[in-house]
Amino acid sequence: MDLLLSPITLYTPVCRTKFKLPMAQQGISAGFPSPADDFLDLSIDLNKELIKHPYATFYGRVSGYSMIGAGLDDGDLLVIDKSLEPRDGKIAVCFVDGEFTVKRIKIEADAIYLMPENNKYKPLKVTAENDFVIWGIVTSVIKRM
């Protein structure tokens, strides 16, 4: 397998269910502890928060290390919106020559480049010979700590 491309496992979100979690109204201090437990009266639905276009949104699990400079680590879960317009500088899931990959897209007048964010990987210039589609734009990343 080419070092630039790494498979992404894709999932369809289930948006018809609601799963509301308690949320601290005052925010959470990264300094000294605060009495935030006294303010757990709000709730948040992560489907509503993370998914703006339910019928065009998918999850994808990152496999590999080519995007660690953008904060995308092996095993992270991406929220991917297929309805968003690809723009220069956005992080996108692309289908290239039969494989999915996640890269930052660089759009120039005469070319598109898939830019990794790890200096161990090289950019890929997309040519007419490539079977290529910008499949969707990454809108969020869910990490395990």
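Given the structure is predicted, the values throughout are model-derived calculations rather than measurements.

Cut-off values and rules
Counting restarts for each chain, with residues numbered from 1 along the sequence as it is written. Totals for whole chains, interfaces and linings use every residue, but because this is a predicted model, local features are given only for residues with pLDDT of at least 70 and side-chain atom pairs only at 80 or more, for both listing and counting. In computing side-chain properties, one takes all heavy atoms of the structure into account and sets aside hydrogens as well as water. The way it works is that DSSP assigns letters per residue, a run of H or I at least four long becomes a helix, a run of E at least two long becomes a strand, and they are numbered from the N terminus. Note on contacts: a residue pair qualifies if any of its non-hydrogen atoms lie within 4.5 Å across the two residues. Note that accessible areas follow from Shrake-Rupley with a 1.4 Å probe, and for residues the cover is restricted to the protein chains shown. What is meant by a nonpolar core is a set of buried Ala, Val, Leu, Ile, Met, Phe, Trp, Tyr and Cys residues, joined one to another through side-chain atoms within 4.5 Å. Categorising residues by exposure relies on relative accessible area from a 1.4 Å probe, with only protein chains included: less than 20% of the type maximum marks a residue as buried, more than 50% marks it as exposed, and the intermediate range marks it as partly exposed. When DSSP finds two or more bridges between a pair of strands, those strands are recorded as paired. Whenever a nitrogen or oxygen atom comes within 3.5 Å of another N or O atom, the pair is scored as a polar contact, on the condition that within protein one atom can donate a hydrogen and the other can accept it, and that pairs from neighbouring residues in sequence are kept only if both atoms are in side chains. As a per-residue measure, pLDDT tells how confident the predictor is, with possible values from 0 to 100.

To continue, consider the overall build of the chain. A count of helices and strands for the chain gives one helix and ten strands. What you see in the chain, going N to C, is helices and strands ordered as β-β-β-α-β-β-β-β-β-β-β. The long-range fraction of contacts in the chain, counting pairs at least 24 apart against all pairs at least 6 apart in sequence, stands at 58%. Of the roughly 9500 Å² that the chain leaves accessible, carbon and sulfur atoms contribute 55%.

What follows deals with the nonpolar core. Core analysis: the largest hydrophobic core is formed by 13 residues, its most contacted members being Leu78, Val93, Val102 and Val138. Where this core is concerned, the elements lending two or more residues are strand 5 (77–81), strand 6 (91–96), strand 7 (99–107) and strand 10 (132–142). Apart from the residues lying within four places of it in its own chain, the contact partners of Leu78 are Phe58, Tyr59, Gly60, Val62, Leu72, Val93, Val102, Val138, Ser140 and Val141. Ranked by size, the runner-up nonpolar core spans seven residues in total, among them Cys94, Val96, Val126 and Ile137.

Next up on the list: the pairing of strand 10. Note: strand 5 against strand 10, five bridges, orientation antiparallel. Within the sheet, the bridge partner assigned to Asp81 lies in strand 10 and is Ile137. Pairing of strand 6 with strand 10 involves five bridges; the strand directions are antiparallel. Each bridged residue has a counterpart across the sheet, and for Val93 the counterpart in strand 10 is Gly136.

One can find Asn118 in the loop between strand 8 (112–115) and strand 9 (124–126). On the basis of relative accessible area, Asn118 is assigned to the buried category, the value being 11%. Looking at Asn118, its side chain comes within polar contact range of the main-chain oxygen of Tyr65, at 2.8 Å.

To continue, consider unusual backbone geometry. The backbone of Asp97 sits at a positive phi, close to 50°, despite the residue not being glycine. Assessed through its relative accessible area of 43%, Asp97 is described here as partly exposed.

Right, let's talk about the environment of Asp74 for a bit. In this structure, Asp74 sits in the loop between strand 4 (57–61) and strand 5. For Asp74, a relative accessible area of 39% puts it in the partly exposed group. When the C-alpha atoms of Asp74 and Gly64 are compared, they prove to be 5.0 Å apart, with ten residues separating the residues in sequence. Here Gly64 takes part through its backbone nitrogen, which lies 2.7 Å from a polar atom of the side chain of Asp74.

On to the confidence of the model for the chain, then. For the chain, per-residue confidence averages 82 on the pLDDT scale, and 72% of positions sit at 70 or higher. Per-residue pLDDT, averaged within each element of the chain, yields its smallest value for strand 2 (residues 20–23) (53) and its largest for strand 8 (96).

Where burial is concerned, most of strand 4 is hidden: four out of the five residues are buried. Note that strand 4 and strand 5 share five bridges and pair antiparallel. In the strand pairing of strand 5, Thr57 is matched with Asp81.

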